[in-house]
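# Structural description and commentary
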2 protein chains.
Amino acid sequence: MAEAPLTPEERAVRRVAVGELGDALRDLVDAAVRTEVDDAQLAAAAVAARELAGRLRARRRELHEIARVDDPETGERWYSPVYGPGSPVAPPLVASDTPDGTATGRVTVGKPHEGPPGLVHGGVVATLLDHVLARALRAAGRGGLTATLTVTYRRPVHLGVPLLLTAEMGETVGRRTTAHARLVAEDSPEVVLAEAEGLFVALRAEQAADVFSATGRSVGAWTTRS
Amino acid sequence: MAEAPLTPEERAVRRVAVGELGDALRDLVDAAVRTEVDDAQLAAAAVAARELAGRLRARRRELHEIARVDDPETGERWYSPVYGPGSPVAPPLVASDTPDGTATGRVTVGKPHEGPPGLVHGGVVATLLDHVLARALRAAGRGGLTATLTVTYRRPVHLGVPLLLTAEMGETVGRRTTAHARLVAEDSPEVVLAEAEGLFVALRAEQAADVFSATGRSVGAWTTRS
């Protein structure tokens, strides 16, 4: 399907509705990974979930289509698996940034993203760090794809604890930019739980046109602002 | 709540039911992040999701409790966010391993785990690689927590493409073990899309008892088999 674009007013209204469904589905995901209801009730829930999925599929985007609520030029993605208000799989991170190349994120990770018992999955830690790194660069007009990501895990990161992530841009050479990020518990900000170094490479305009050709849209957020 | 443990037969039956609900919820998650139904239908879906969550919460585990379908001694987690059959947030990876310290994973990543438009999120790539690294070590009796993870992204990884991950254990020094992993598209196995080096550190028995104390269970999968 190719939907007509939304007006700014329609998009603002729809973003609220998408966020509310995302919130409800995150609640459902949490309930599902913690349930101990009996097997027959699990089966009944599966039927209900399939029915609901069918209703949502009445109008759906193809795999490479960009959501009408999104803005591919700024890179704000309403269904991001990290921070998307509409994403059932996002923890979700609540992030902000500044034009001089810093980013901050806050999140309390729950049972759906558990690795070892009671701890946040190491891959989820890497994902959260990757996002604030990329966001810091993009805020400074240095959008790019991750080229290398090095995560150092210093201490176990527990579920259910308010976490704070901070990132700042490092050096820029041509299309390559580095950044550093760290993760702490909000109530023990002096103890680093994990940190990351990232190297990001901006796509040239013609590369972006190639990589994102299937979307049929202009996608500017992963190139460098000139 | 503290549920009575399941018999092996009950656990086998329940694992099937958990997997079927997980499958239905992954279908719902995919439908939700691709839907373009109108705002009123989004609101109706949110109500239905909340109702379903309430039913599943009738009996639920606390944040640090281990699911009755799980085996914390082998580390098999039915709700893993990476490979868990019951996890609505897992891509899910289908993984296997060998006792000499190798692991393989297969997955086709869909819209819920999108980063840049049409591409797999870089954090999801890191998560998949982290899992096969850890799994290779654990299969060889070298379970541990990730200490460092370095991911090199060589080419964009597209949604909807069957992917193959392979990992093998490297060197072991005391409680520290390294491993290497790579990610390719199944139909172009000679082109490396991403690769990773990991360093894992096994917990000492007393550390494991401390880190996992909140679970109230013996958790052996992140220590080294003697």
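Residues numbered from 1 in each chain as written. Chains lettered and ligands numbered in written order. Predicted model: local features only at pLDDT ≥ 70, side-chain atom pairs only at ≥ 80, totals over all residues. Heavy atoms only, no water.

### Concerning the overall build of chain A
The secondary structure content of chain A amounts to four helices and six strands. In chain A, the succession of α and β elements from N to C terminus is α-α-β-β-α-β-β-β-β-α. Relative to its length of 226 residues, chain A is compact, with a C-alpha radius of gyration of 19 Å against a globular reference of 17 Å. Per-residue burial for chain A yields a buried fraction of 57% across its 226 residues. A fraction of 64% describes how many contacts in chain A between residues 6 or more apart in sequence connect residues 24 or more apart. Accessible area for chain A stands at about 9,000 Å²; split by element, carbon and sulfur atoms hold 53% of it. Treating the 26 positive side-chain charges of chain A as one cloud and the 30 negative ones as another, the clouds have centres 4 Å apart. (Helix = DSSP H or I, 4+ residues; strand = E, 2+ residues; numbered from the N terminus. Rg over C-alpha atoms; globule rule 2.2 N^0.38 Å. Buried < 20%, exposed > 50% of the residue type's maximum accessible area, 1.4 Å probe, protein only. Contact = heavy atoms within 4.5 Å. Areas by Shrake-Rupley, 256 points an atom, 1.4 Å probe, with all protein chains shown as cover. Lys, Arg positive; Asp, Glu negative; His and termini not counted. Charge placed at Lys NZ, Arg CZ, Asp CG, Glu CD.)

### A short note on the confidence of the model for chain A
Low pLDDT marks regions whose predicted coordinates should not be analysed in detail. Here chain A averages 94 in pLDDT, and 98% of its residues register 70 or above. Interface scoring of the predicted complex returns ipTM 0.95; its pTM is 0.96. (pLDDT = per-residue confidence, 0-100.)

### Overview of the relation of the copies chain B and chain A
Rotating chain B by 180° about the axis while translating it 0.0 Å along that axis superimposes it on chain A, leaving an RMSD of 0.0 Å. Here the symmetry operator amounts to a two-fold rotation axis. Minimal C-alpha distance to the rotation axis in chain B is attained by threonine 150 of chain B, lying at 2.1 Å. Counting the interface residues of chain B, we find that 100% of their copies in chain A are interface residues as well, pointing to one common contact surface. (Least-squares fit on C-alpha atoms with pLDDT ≥ 70 in both.)

### Some points on the nonpolar core
Leu129 and Leu183 of chain A together with Leu129 and Leu183 of chain B are the most contacted members of the largest nonpolar core, which has 66 residues in total. Discounting residues that sit within four places of it in the chain, leucine 183 of chain A has contacts with Val125, Leu129, Val157, Leu163, Leu164, Leu165, Val191, Val192, Leu193 and Ala194 of chain A. One finds Leu28 and Trp78 of chain A together with Leu21 and Leu25 of chain B within the second-largest nonpolar core, a separate group that totals 42 residues. (Core = buried A, V, L, I, M, F, W, Y, C linked by side-chain atoms within 4.5 Å.)

### A short note on the pairing of strand S2 (residues 102-108) of chain A
Residue and element names in this part refer to chain A. Here S2 shows a clear split, with Ala103, Gly105 and Val107 buried on one side and none of Thr102, Thr104, Arg106 and Thr108 buried on the other. With five bridges connecting them, strand S1 (residues 94-98) and S2 associate as antiparallel partners. Across the sheet, threonine 98 pairs through a bridge with threonine 102, a residue of S2. Linking S1 back to S2 in an antiparallel pair, the connection comprises three residues, with glycine 101 at a positive phi of about 95°. Alignment of S2 against strand S4 (residues 162-173), held across seven bridges, turns out to be antiparallel. Looking across to S4, one finds that threonine 108 is bridged to proline 162. (Pairing = 2+ DSSP bridges.)

### Focus on the environment of threonine 74 of chain B
Residue and element names in this part refer to chain B. Structurally, the position occupied by threonine 74 is in the loop between helix H2 (39-56) and strand S1 (94-98). Threonine 74 sits in the partly exposed class, given a relative accessible area of 41%. Residues threonine 74 and valine 109 lie 35 residues apart in sequence; the distance between their C-alpha atoms is 26 Å.

### Description of the environment of arginine 175 of chain B
Residue and element names in this part refer to chain B. Assignment of secondary structure puts arginine 175 in the loop between strand S4 (162-173) and strand S5 (176-185). Separated by 27 residues in the primary sequence, arginine 175 and alanine 202 have C-alpha atoms spaced 5.2 Å apart. Within polar-contact distance, the side chain of arginine 175 engages the side chain of glutamine 207 at 3.5 Å. (Polar contact = N/O pair within 3.5 Å; in protein donor to acceptor, adjacent residues only side chain to side chain.)

### Some remarks on the side chain of glutamate 65 of chain A
All names here are of chain A. Position of glutamate 65 among the secondary structure elements: in the loop between helix H2 (39-56) and S1. At 6.5 Å, arginine 61 is the nearest oppositely charged side chain to glutamate 65, a buried residue that forms no salt bridge. Of the polar contacts made by the side chain of glutamate 65, one reaches the backbone nitrogen of glutamate 62; its length is 2.8 Å. (Salt bridge = Lys/Arg side-chain N within 4 Å of Asp/Glu carboxyl O.)

### Concerning the interface of chain B and chain A
Every contact between the two is made by 88 residues of chain B and, on the other side, 88 residues of chain A. Counting the surface lost from both chain B and chain A, the interface buries some 8,100 Å², and carbon and sulfur atoms represent 60% of this. On the surface where chain B and chain A come into contact, there are 18 salt bridges. Of the charged contacts, one joins arginine 50 of chain B and aspartate 27 of chain A as a salt bridge, the two residues approaching to 3.6 Å between their closest N and O atoms. Inspection of the chain B/chain A interface yields 37 residue pairs in polar contact (both at pLDDT 80 or more). Breaking the side of chain B that touches chain A down by element, the ones donating at least two residues are helix H1 (8-34), H2, helix H3 (122-139) and strand S3 (145-153) of chain B. (Buried area = accessible area lost by both parts, 1.4 Å probe.)

### Topic: the sheet that holds S1 of chain A
Reading across the sheet, the twelve strands line up as S1(A)-S2(A)-S4(A)-S5(A)-S6(A)-S3(A)-S3(B)-S6(B)-S5(B)-S4(B)-S2(B)-S1(B) and stay open at both edges, with antiparallel pairing between neighbours. Edge positions in the open sheet fall to S1 of chain A together with S1 of chain B, since each of these has one partner strand only. Pairs of neighbouring strands in the sheet enclose a mean axial angle of 20°, with direction left out of account. Bridging between strand S3 (residues 145-153) of chain A and S3 of chain B involves five bridges; their strand directions are antiparallel. Note on S3 of chain B: the bridge partner recorded for threonine 148 of chain A is threonine 152 of chain B. (Axes fitted to C-alpha atoms, helices over the stretch in contact; angles between N-to-C directions.)

### Describing the pattern of salt bridges
Counting across every chain of the model gives 38 salt bridges over all chains. The salt bridge partner of arginine 14 of chain B is glutamate 36 of chain A, with a shortest N-O separation of 3.6 Å. Separated into two different chains, arginine 14 of chain B in helix H1 and glutamate 36 of chain A in the loop between helix H1 (8-34) and H2 make up a pair that spans both. A single burial state applies to arginine 14 of chain B and to glutamate 36 of chain A, both of which are buried.

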